[in-house]
Amino acid sequence: MNTLIETQEKLVFALAKEVTGKWDAIKIHYEYILLNGIQFEKYIAQKLVSGSVIDINLSLDMIDCFIELNEITPEGQSEKWSWLEFTLESSGKYYFDYKYGIPPLVSESIKSA
């Protein structure tokens, strides 16, 4: 199994290759959690271009990268993350912000069900 850093880099390179056209940054809000035996997965993916925000779809291969990332518990944590905020800048800098608990989009789905 890859380390957390190796898996993050794999995701970054796959995403940079997958998103076509010009972009200044790519932002992804991704949620993946198992509640009462039911798996929930939701995401919002967008590219920022010259001040505009454009929604993008993630391929199944890209989603598999996020699932693989979720299988690795970050160092110093006792549990897997349930959602994350990810930013990739056109300069190559990237940021992962791992979060825990019931994710906001999943929470909205549960409330409206």
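Higher on the page you've got the structure.
Conventions and cut-offs
- Residues numbered from 1 in each chain as written.
- Predicted model: local features only at pLDDT ≥ 70, side-chain atom pairs only at ≥ 80, totals over all residues.
- Heavy atoms only, no water.
- Phe/Tyr/Trp six-rings, centres within 6.5 Å; stacked < 30°, edge-to-face > 60°.
- Buried < 20%, exposed > 50% of the residue type's maximum accessible area, 1.4 Å probe, protein only.
- Helix = DSSP H or I, 4+ residues; strand = E, 2+ residues; numbered from the N terminus.
- Lys NZ or Arg CZ within 6 Å of the ring centre and 35° of its normal.
- Pairing = 2+ DSSP bridges.
- Axes fitted to C-alpha atoms, helices over the stretch in contact; angles between N-to-C directions.
- Contact = heavy atoms within 4.5 Å.

*Asks:* Can you tell me about the packing of aromatic side chains, naming the residues and giving the values?
*Replies:* Summed over all chains, the structure comprises seven aromatic pairs. Measuring from centroid to centroid gives 6.4 Å for Tyr 30 and Tyr 32, while their planes differ by 10 degrees, and the two rings are stacked. For the pair Tyr 30 and Tyr 32, a shared accessibility class is recorded, and that class is buried. Geometrically, the ring pair formed by Tyr 30 and Trp 81 is edge-to-face, given 6.2 Å between the ring centres and 65 degrees between the ring planes. Pair noted here: Tyr 30 is in strand β1 (residues 25–35) and Trp 81 is in the loop between α2 (60–70) and β4 (83–89), with a separation of 51 residues, a long-range link. As far as the burial class goes, Tyr 30 and Trp 81 line up, both buried. By the ring-pair criterion, three or more aromatic residues cluster together here, those being Tyr 30, Tyr 32, Phe 66, Trp 81, Phe 86, Tyr 94, Phe 96 and Tyr 98. It is Lys 99 that lies over the ring of Trp 83; its NZ or CZ is 5.3 Å from the centre.

*Asks:* Describe the sheet that holds strand β5 (residues 94–99), listing the residues and the values that go with them.
*Replies:* Strand pairing in a sheet takes place through backbone hydrogen bonds and is either antiparallel or parallel in direction. In spatial order, the strands read β3-β2-β1-β4-β5; together these five strands make up an open sheet with antiparallel pairing. Both outer strands of the open sheet, β3 (52–55) and β5, are each paired with one neighbouring strand and no more. Geometrically, the sheet is characterised by an average inter-axis angle of 15 degrees between neighbouring strands, direction not taken into account. Examined bridge by bridge, strand β2 (residues 38–49) and β3 share four bridges and lie antiparallel to one another. Note that in β3 the partner of Val 49 across the bridge is Ser 52. Along the sheet, α2 contacts β1, β2, β4 and β5; its crossing angle with β1, the most-contacted strand, is approximately 60 degrees.

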